[in-house]
Amino acid sequence: MTSTAPKPVSDAELDTLFAPVYAEIAAGAVDREIDRRLAHDEIRRLREARFGALRVPVEFGGFGVSVRQLFRQLIELAAAESNLPQALRVHFVFVEDQLLAEPGPAREHWLRAAAQGTLVGNAITEPGTGAVDRYQTRLTPSGDGWLLNGTKYYSTGSLYADHILVAADRAGERVGVLVDADADGVRQHDDWDGFGQRLTASGTTEFTDVAVPADRVLGPGYGVAGPTYSTSYLQLVQLAVLAGIAQRAERDTREWVAGRRRGYTHSAADLPRHDPLVQQVIGRLSAAAFGARASVLAVADVLDEVLARGASAESDLIDAELAAAHAQLGVIDTVLAATTQLFEVGGASIVSEGLRLDRHWRNARTISVHNPAIQKARAIGDHLLNGTPLPFAWSAGERTTGAAR
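The rules we used
- Residues numbered from 1 in each chain as written.
- Predicted model: local features only at pLDDT ≥ 70, side-chain atom pairs only at ≥ 80, totals over all residues.
- Heavy atoms only, no water.
- Helix = DSSP H or I, 4+ residues; strand = E, 2+ residues; numbered from the N terminus.
- Rg over C-alpha atoms; globule rule 2.2 N^0.38 Å.
- Buried < 20%, exposed > 50% of the residue type's maximum accessible area, 1.4 Å probe, protein only.
- Contact = heavy atoms within 4.5 Å.
- Lys, Arg positive; Asp, Glu negative; His and termini not counted.
- Charge placed at Lys NZ, Arg CZ, Asp CG, Glu CD.
- Core = buried A, V, L, I, M, F, W, Y, C linked by side-chain atoms within 4.5 Å.
- Salt bridge = Lys/Arg side-chain N within 4 Å of Asp/Glu carboxyl O.
- Axes fitted to C-alpha atoms, helices over the stretch in contact; angles between N-to-C directions.
- Parallel < 35°, antiparallel > 145°, perpendicular 65-115°, else oblique.
- Nonpolar A, V, L, I, M, F, W, Y, C, P; charged D, E, K, R; others polar.
- Left-handed = near helix turned anticlockwise from the far one by under 90°.
- Expected span 1.5 Å × (residues − 1).
- Phe/Tyr/Trp six-rings, centres within 6.5 Å; stacked < 30°, edge-to-face > 60°.
- Lys NZ or Arg CZ within 6 Å of the ring centre and 35° of its normal.
- Pairing = 2+ DSSP bridges.

**Student:** Please set out the overall build of the chain residue by residue, giving values where relevant.
**Tutor:** The helix and strand inventory of the chain stands at eleven helices and eight strands. Relative to the compact-globule value of 22 Å for 405 residues, the chain shows a C-alpha radius of gyration of 22 Å, a close match. With respect to the principal axes defined by its C-alpha atoms, the chain has extents near 80 × 70 × 45 Å. Expressed as a percentage of the 405 residues in the chain, the buried residues total 51%. Taking contacts inside the chain between residues at least 6 apart in sequence as the whole, the part at least 24 apart equals 76%. Taking the average location of the 40 positive side-chain charges in the chain and that of its 50 negative ones, the two points are 4 Å from each other.

**Student:** Requested: an account of the nonpolar core, with residues and values cited.
**Tutor:** Grouped together as the largest cluster of nonpolar side chains are 84 residues, with contacts concentrated most on Leu46, Phe51, Leu54, Phe71 and Tyr233. With eleven residues, the single largest contributor to this core is helix 7 (residues 230-258). The contacts of Leu46, once residues within four sequence positions are left out, are Val21, Ile25, Phe51, Leu77, Leu84 and Leu88. Ala123, Leu139, Trp146 and Ile164 belong to the second largest nonpolar core, which has 16 residues in total.

**Student:** Run through the side chain of Arg89, naming residues and quoting values.
**Tutor:** Mapped onto the elements, Arg89 comes out in helix 5 (residues 83-100). The charged side chain of Arg89 is buried without a salt bridge, its nearest counter-charge being Glu321 at 11 Å. Once you skip the residues sitting within four places of it in the chain, Arg89 turns out to touch Leu234, Gln235, Val237 and Gln238.

**Student:** Account for the pattern of salt bridges, with residues named and values stated.
**Tutor:** In a structure, side chains of opposite charge can pair up when their charged atoms sit close to one another. Counted under the stated rule, the structure contains 31 salt bridges. Ionic pairing is found between Glu24 and Arg45, a salt bridge with its closest N-O pair at 3.1 Å. With Glu24 in helix 1 (residues 11-27) and Arg45 in helix 3 (residues 40-48), this residue pair connects regions lying 21 residues apart in the sequence. Of the residues examined, Arg45 reaches a relative accessible area of 23% and is grouped as partly exposed.

**Student:** Got a sec to walk through the packing of helix 1 against helix 3? Specific residues and values, please.
**Tutor:** Packing of helix 1 against helix 3 leaves a shortest axis separation of 10 Å and a crossing angle of 180°. It follows that helix 1 is roughly antiparallel to helix 3 by the angle criterion. Taken together, the residues of helix 3 that come into contact with helix 1 (itself represented by Val21, Glu24 and Ile25) are Glu42, Arg45 and Leu46. Here the residues of the contact of helix 1 with helix 3 are counted per class, giving three nonpolar, no polar and three charged.

**Student:** So what's going on with the packing of helix 9 (residues 314-341) against helix 10 (residues 358-368)? Residues and values would help.
**Tutor:** A pair of packed helices can be characterised by two numbers: the angle between their axes and the separation between those axes. Across the interface, helix 9 lies against helix 10 with an axial gap of 9 Å and an inter-helix angle of 160°. As the angle between them shows, helix 9 and helix 10 are arranged roughly antiparallel. In this structure, helix 9 crosses over helix 10, and the sense of that crossing is left-handed. Taken together, the residues of helix 10 that come into contact with helix 9 (itself represented by Ile332, Val335, Leu336, Thr339 and Thr340) are His360, Trp361, Ala364, Arg365 and Ser368. For the contact of helix 9 with helix 10, the per-class residue count stands at five nonpolar, four polar and one charged.

**Student:** Account for helix 7, naming residues and giving values.
**Tutor:** In this model helix 7 runs 42 Å from its N-terminal to its C-terminal C-alpha over 29 residues, within 8% of the 42 Å that 1.5 Å per residue would give. A large share of helix 7 lies buried, amounting to 24 of its 29 residues.

**Student:** Describe in detail the packing of aromatic side chains, supporting the description with residues and values.
**Tutor:** In total, this model carries eleven aromatic pairs according to the counting rule given. Look at Phe18 and Phe51: their rings are 5.4 Å apart centre to centre, the planes differ by 85°, and that puts the pair in the edge-to-face class. With Phe18 in helix 1 and Phe51 in the loop between helix 3 and helix 4 (67-80), this residue pair connects regions lying 33 residues apart in the sequence. Each member of the pair, Phe18 together with Phe51, is buried. Ring centres 5.9 Å apart and planes at 80° place the aromatic pair Phe51 and Phe92 in the edge-to-face group. Here Phe92 lies in helix 5 and Phe51 lies in the loop between helix 3 and helix 4, a separation of 41 residues in the sequence. Phe92 shares its class with Phe51; the two are buried. Three or more aromatic residues link up through ring pairs in this structure, and these residues are Phe18, Tyr22, Phe51, Phe63 and Phe92. Positioned above the aromatic ring of Phe63 is the side chain of Arg50, whose terminal nitrogen or guanidinium carbon lies 4.6 Å from the ring centre.

**Student:** Outline unusual backbone geometry, listing residues and values.
**Tutor:** Residue Arg36 is not a glycine yet carries a positive backbone phi of 50°. Note on placement: Arg36 falls in the loop between helix 2 (29-35) and helix 3. At Ala171, a residue that is not glycine, the phi angle is positive and equals roughly 55°. By secondary structure assignment, the location of Ala171 is in the loop between strand 4 (163-170) and strand 5 (173-180). With relative accessibility at 79%, the residue Ala171 sits in the exposed group.

**Student:** Please set out the pairing of strand 4 residue by residue, giving values where relevant.
**Tutor:** Counting buried positions along strand 4 yields seven of eight residues, so the element is predominantly enclosed. Here strand 1 (residues 120-123) runs beside strand 4; their pairing, made up of four bridges, is parallel. Within strand 4, the residue paired with Ala123 across the bridge is Val166. When strand 4 meets strand 5, the two strands line up antiparallel, connected through eight bridges. Directly across from Leu165, in strand 5, lies its bridge partner Leu178. Joining the antiparallel neighbours strand 4 and strand 5 is a turn of two residues, in which Ala171 adopts a positive phi near 55°.

This is how it looks when you write it as structure tokens:
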């Protein structure tokens, strides 16, 4: 008798498992927004359901799902709470890096850890010059290991995480360093002051003489020159957030209209839900959610193929990056327009603080500026017209040279 390998989980099984979790998370979304209460309880619930193990192979205790299946679930999670997929996006890239790594004890260790609920946050972006020149966060020798010192901004998800993936400079070399979130010398702040995506735990992280064992220096860090799958993957998580926002905005607006009786003397119908103009807005919201979702899943299909081939061929990586870039421009415009137009279905009461329907536009607007669309549109055009390489792991900061280009 031959044994058969365990099969990855189906979409139907995933929906059965996670739909109740999403419902619990969605139920408190407005109150969390009003109170600015970080989603620690909600992250705990996702840990219990092993959400972070979606891409971990079954043989290591995970669900073994495809990239498409993962992003399908990220859209649903974003519809429940748009902050959470953004907070988890580096975790899924960390898992993907382990899947691409050479087989060995370290790879197996981290995949099994993810299967058991371990989460990874990030600390990449820096103030000032940032990483445009080189990272100001430094890794210096200390005995058999290293010491990490520096300050990071926008450390998305790290307040929810067990480990923090830190981008650092080691004598001019960009390296990735994995630090325990509760290690001595790590100090985290919830000081993100954006008007949207307020609960992503995207604050400042300070590292002061943090001891780093040699095996926690993971090799080339974010920003190393050359094509990579990770830029398109990280961008696609943001687009999944936008797709989920559109889905939730349509549902919230439709439910509000369905129960509303007040209209205007010059309305086209006695009840708003019978008004063809109001119906048109709901139809456009629904179309925006459908289009955004379809775009995300189309890029996920491309990434599935690229990653299955090892994410090493330059042509594959360019295809994935270009697909994500195209999707970014379409999804941002569609979702921002829809989350603005939703207010046309009602009068002053639709802007009630209690409803917080404005959070959909604020969250969409905030997630959209993380990778400015005007820069991406120009990069696409330059690539197609002139063959200029697409920007992969780009950095933000003060440009001390070539600023007048």
